[in-house]
Amino acid sequence: MDVRRRHLSTATAGEPFKKKNTSPSPTAAPLVSTVVPLYVTNGVFLGVFFSVAYFLLHRWREKIRNSTPLHVVTLSEMAAVLSLIASIIYLLGFFGIGLVQPIISPSSRPSSDDEAEEQDDAKSPAPCPAGIIDCSLSPPPQKPRLPLHVPPQTPLSSDDEEVVRQVVSGEVPSYSLESRLGDCRRAAAIRREAVERVSGRSLQGLPVEGFDYDSILGQCCEMPIGFVQIPVGVAGPLLLDGVEHTVPMATTEGCLVASTNRGCKAIYVSGGASSVVLRDGMTRAPVVRFGTAARAAELKSYLEDPINFDSLAVVFNKSSRFARLQSMKAAIAGKNLYIRFSCSTGDAMGMNMVSKGVQNVLDFLQSDFPDMEVIGISGNYCSDKKAAGVNWIEGRGKSVVCEAIIKEEVVKKVLKTSVEALVELNMLKNLTGSAVAGALGGFNAHASNIVSAVYLATGQDPAQNVESSHCLTMMEAVNNGKDLHISVTMPSIEVGTVGGGTQLASQSACLNLLGVKGANKESPGGNSRQLATIVAGAVLAGELSLMSAIAAGQLVKSHMKYNRSSRDVTKVVS
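Residues numbered from 1 in each chain as written. Predicted model: local features only at pLDDT ≥ 70, side-chain atom pairs only at ≥ 80, totals over all residues. Heavy atoms only, no water.

For the protein chain, an unreviewed UniProt entry supplies the name 3-hydroxy-3-methylglutaryl coenzyme A reductase and the organism Stylosanthes scabra. Reading the Pathway (unreviewed entry) entry of the UniProt record for the protein chain gives the comment "Metabolic intermediate biosynthesis; (R)-mevalonate biosynthesis; (R)-mevalonate from acetyl-CoA: step 3/3." As recorded by UniProt, the Catalytic activity (unreviewed entry) comment attached to the protein chain reads in full: "(R)-mevalonate + 2 NADP(+) + CoA = (3S)-3-hydroxy-3-methylglutaryl-CoA + 2 NADPH + 2 H(+)". (UniProt positions renumbered as here; feature names shortened; annotations may be inferred.)

Here it is in structure tokens:
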């Protein structure tokens, strides 16, 4: 452990992090004159260790030969024993040089960042003196990169300092700060400070101010210490079903928004895209166990008998005024039964809604099947946040197909390729290549890219990108081979416009941009279905543009230009 880290650990144990004074003190002594080089100190202690060890062994051997008691020691032997102990302690620590060297205060020792900055300054070219040399012959000095703006953190009060101390010592659990203080923003700031002190690491750059922590209490995130900033770009207009949409995309991947935007342009000038929602139903599949497989088969027959559906639907639908049971499908594995419930959930994504309905049905079935043992409310036959064939075949959430016909001149002028090249590439890449790879639902170019970006921007569950990105992209030549027909079939888009992250200010604004904010009062579920079609339309645009870039051999060139740019943004703006 070096001196700097020792000092940081000592400081963080009793006081909050403070910004170091990086300016050199005029009274500070030079570093070389106050610190003994490390190799000198190591050499001294190694020499002392071997010298006194040899001296003591030699003396003890003489005492044994002369029958002298070993506990009778002279002054020189006592000094040798103390020197041996001191050298052993030092060598065991080895990096504990702070025990024998004066600790250097941060104000007199430059940090590694300061040293790096000084080296950069030394390498930077000095301003050209007027009238001496021609400055145009030398490269202009680089402007410093503008740091990401982070709102300044409010200093902690004395009361907050006491709470931080209690959290660090374990007297107050970190998770209880919101309920104890009654102020979510204050709780986040205190928890952040406690994390810094316990970990000994700075969280500078992670903003804590400027966020409504009350809005996430009890539903979005526990024990918050700040929030992460993700840039949001827009692609469009996306002309879908005769309506123009500006699609928000939250991403840190360069080229993604630009590529999707190009696809939107190609679709727009070709007359737009159309979509159809095939299914709309969220699923949950509990697993129950019986004593025998025959008994499990009896419940399977009971559930799949149309006569019993209405009575079970009444029990299920009590969970919500929007939940409506659609179907039940059971699968047996030994004496275990997996029951896949599917229901409509209005404008909510609906996981909690369908889970409550399933619990009602399970409680109801206990009266007729008292030997039924409920193992889990979810048995993975749903299947949530996992790539599964049941979602690919049966669908989950919204099953959507989106299609468009791209004109020949648009393919050539906007997409810089040909219809024949796109059709061939789609067959060999998205269809054959994915089959060779053993893909499950991944018969596309990069549907997950667009789904993730739209999900983050609109407050969806980003983990459900796994099954929501199941996509089959198809292309074929139409109109005597002149134009391109492209379609995406997405069987399990899981989205909602109410609940969860959709109520956060930023995500709510993005939903409002799309015209699907909140619940649709005239047609329950209309907003979430509209959002699902927009996701599919954006995927269609993204697939079209990326496939064109690959067919034209422009993929690497585009990424090197837009995703690896070293240009000074301040010069571009000016």
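**Remarks on unusual backbone geometry**
Between Gly 236 and the following residue, Pro 237, the backbone shows a cis peptide bond with an omega angle of 10 degrees. Tracing the sequence through the fold places Pro 237 in strand 1 (residues 232-240). Between Cys 382 and Ser 383 the backbone carries a cis peptide bond, its omega angle lying at 0 degrees. Even without glycine at this site, Asn 380 takes up a positive phi of about 70 degrees. Structurally, Asn 380 is set in the loop between strand 7 (373-376) and helix 13 (389-394). (Helix = DSSP H or I, 4+ residues; strand = E, 2+ residues; numbered from the N terminus.)

**Topic: the packing of aromatic side chains**
The final tally for this structure, using the stated rule, is 7 aromatic pairs. When the centroid spacing of 5.2 Å and the interplanar angle of 25 degrees are considered together, the rings of Phe 211 and Phe 227 count as stacked. Taken together, the positions of Phe 211 in the loop between helix 8 (184-199) and strand 1 and Phe 227 in the loop between helix 8 and strand 1 put the pair 16 residues apart, joining distant regions of the chain. Residue class for Phe 211 comes out partly exposed when judged on its relative accessible area of 28%. (Phe/Tyr/Trp six-rings, centres within 6.5 Å; stacked < 30°, edge-to-face > 60°. Buried < 20%, exposed > 50% of the residue type's maximum accessible area, 1.4 Å probe, protein only.)

**Notes on the confidence of the model for the protein chain**
When pLDDT drops low, the exact placement of atoms in the prediction is not to be read closely. Here the protein chain averages 85 in pLDDT, while 80% of its residues score no lower than 70. Contacts from residues 1-33, a stretch scored under 50 in pLDDT, to residues over four places away or in other chains number 35 contacts. Scored below 50 in pLDDT, residues 97-140 shows 37 contacts in the model against residues more than four places distant or in partner chains. (pLDDT = per-residue confidence, 0-100. Contact = heavy atoms within 4.5 Å.)

**As for the pattern of salt bridges**
Following the criterion strictly, the structure yields 21 salt bridges and no others. In this structure, Arg 165 engages Glu 171 in a salt bridge whose closest nitrogen and oxygen atoms are separated by 3.2 Å. Relative accessible area serves as the criterion here: at 39%, Arg 165 is assigned to the partly exposed category. Three or more residues joined by partner-sharing salt bridges are found here, namely Asp 384, Lys 385, Arg 396, Asp 461, Glu 467 and Glu 494. (Salt bridge = Lys/Arg side-chain N within 4 Å of Asp/Glu carboxyl O.)

**With respect to the side chain of Asp 280**
Secondary-structure assignment places Asp 280 in strand 3 (residues 274-284). Of the residues examined, Asp 280 reaches a relative accessible area of 16% and is grouped as buried. Among the polar contacts listed, one links the side chain of Asp 280 to the side chain of Lys 398, at a separation of 3.3 Å. Excluding anything up to four places from it in sequence, Asp 280 contacts Gln 326, Ser 344, Gly 397, Lys 398 and Arg 529. (Polar contact = N/O pair within 3.5 Å; in protein donor to acceptor, adjacent residues only side chain to side chain.)

**Observations regarding the pairing of strand 3**
As defined by bridge partners, strand 3 adjoins strand 8 (residues 397-406) across 7 bridges and the pair is classed as antiparallel. Across the sheet, the residue bridging to Ser 274 is Glu 403, located in strand 8. Two elements, strand 3 and strand 6 (residues 336-344), share 3 bridges in a ladder whose sense is antiparallel. Along strand 6, the bridge assignment pairs Met 282 with Cys 343. (Pairing = 2+ DSSP bridges.)

**Section: helix 8**
Residues separated by three or four positions in an α-helix point in the same direction, a consequence of the helix having 3.6 residues per turn. The end-to-end C-alpha separation of helix 8 is 22 Å, in line with the 22 Å expected for 16 residues at 1.5 Å each. Among the residues of helix 8, those classed as buried are Cys 184, Ala 187, Ala 188, Ala 189, Ile 190, Arg 191, Arg 192, Glu 193, Ala 194, Glu 196 and Arg 197. Among the residues of helix 8, the N-terminal cap falls to Asp 183, whose side-chain oxygen and the backbone nitrogen of Arg 185 are separated by 3.2 Å. Count one or two residues on from helix 8 and you reach Gly 200, which has phi positive near 70 degrees. (Expected span 1.5 Å × (residues − 1).)

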